[in-house]
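Fold and contact review
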Amino acid sequence: MPHTAPSSTLRTSIIGGGPAGLMAAEVLARGGATVDLYDAMPSVGRKFLLAGVGGMNITHAEARERFLARYGERQAQIAALLADFDAAALREWIHGLGIATFVGSSGRVFPSDMKAAPLLRAWLRRLRELGVNIHTRHRWLGWQPDGSLRLATPEGERSIASEATLLALGGGSWARLGSDGAWVPLLEARGIPVAPLRPSNCGFEVAGWSTTFAERFAGAPVKPVSIALEDGTPRQGEFVITAHGVEGSLVYALSAEIRERIARGGSATVRLDLLPQKSLEQVEAALRKPRGSKSLSNHLRGRLGLDGVRAGLLRELSDTATRADPTRLAAAIKALPLRLLRPRPLDEAISSAGGVPFEALDERLMLRELPGVFCAGEMLDWEAPTGGYLLTACFASGRAAGLGMLDWLGNRRR
């Protein structure tokens, strides 16, 4: 570690026990600082653990240029964070904890047992060995007039003096796991700009499914299917029908653009290709074959393999005249319009957009208006789709902030 100083002279505080805060704690402890980490929840890493329930997707193995493109307008800032701690470096760090990883068929990277808990246990064991002090049920309340930190604890309010502080408080989604956005007014009261927190990697509502469709198909996965915004490139995968609309990985991949289009125009229309493996000409040719006494549903099933929830969507989103004309029906199957009206509430989203803009921070991730106070993780103003990109940037930003704190503290000592 390039920045080292005697632990007796550097007392640091970290607010937030997610991946960014824990990574900064490791960097600081290795750099010789005394580290106290505070988290409002009864244990650290709660959102990290829940995100791994269905399989801990830690990062992605795709090429660097494509990887960085996932961060949209903030790819330049995220590229700087990943410059010396990218996806490959993150995998090596995980291996150093004794956890093997593998690359799935989609390019996503997982721990060998697909679980988050063993990784977190090994990491916390390392942090304890490094001397990191973890304090749970300690909620940050802001600052005292003298600059010390205000913390609500089980024993009452405390004031903590710290030479440098990292805020790694998460975004505004999944409040029950600690990411509740309560930090926003605390920073705004000190003159720090904060972009409004908005849902990201979220579901969207439609005008309203029919009762029959909602009762039959809510919770059903739609696959194989491709989805595209009206002027966009189709993406193939799957999504899920909900009582209110749609959600799932294919929707999450487009959530930022869908959300922005809704903000500009009041709604966003996506086109569903219900048979991405077949061309328009193949679909129309199959539909023109005589069906005799067969119903349209049986004809679609027998000729095209189109049934279940995909056939249900076709009935739900097309009219009788379209279904009676093979040319129009083929066009609907290949580009079925679905109008989305609004994102689901922020607290239901996997992650949030908005937060502290990079422009309010220096290159060390220190707030320009609050020397000695640093920010990292999801509370920064960036977003990315699921697939390991969120976690990778959180880890990298925590590491960068830890190094920045050591650099700033070392300069103060000199």
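For the structure, see preceding data.
Residues numbered from 1 in each chain as written. Predicted model: local features only at pLDDT ≥ 70, side-chain atom pairs only at ≥ 80, totals over all residues. Heavy atoms only, no water.

The helix and strand inventory of the chain stands at 16 helices and 19 strands. Over its C-alpha atoms, taken along the principal directions, the chain stretches across nearly 85 × 40 × 35 Å. Put simply, the chain has 414 residues, and 54% of those count as buried. Residue pairs at least 24 apart in sequence account for 70% of intrachain contacts in the chain once pairs closer than 6 positions are excluded. Surface summary for the chain: the accessible area is close to 18,000 Å², and the carbon and sulfur share equals 49%. (Helix = DSSP H or I, 4+ residues; strand = E, 2+ residues; numbered from the N terminus. Buried < 20%, exposed > 50% of the residue type's maximum accessible area, 1.4 Å probe, protein only. Contact = heavy atoms within 4.5 Å. Areas by Shrake-Rupley, 256 points an atom, 1.4 Å probe, with all protein chains shown as cover.)

Secondary-structure assignment places leucine 370 in the loop between β18 (351-355) and β19 (373-375). Accessibility expressed as a relative area gives 8% for leucine 370, which makes it buried. Other than its neighbours up to four places away in sequence, leucine 370 contacts Trp143, Arg190 and Ile192.

So, about the side chain of asparagine 201. Position of asparagine 201 among the secondary structure elements: in the loop between β11 (195-200) and β12 (204-206). Looking at asparagine 201, its side chain comes within polar contact range of the main-chain oxygen of alanine 384, at 2.7 Å. Once residues lying within four places of it in the same chain are set aside, the contact partners of asparagine 201 are Tyr252, Ser255, Ala349, Ile350, Ser351, Ala384, Pro385, Thr386 and Leu390. (Polar contact = N/O pair within 3.5 Å; in protein donor to acceptor, adjacent residues only side chain to side chain.)

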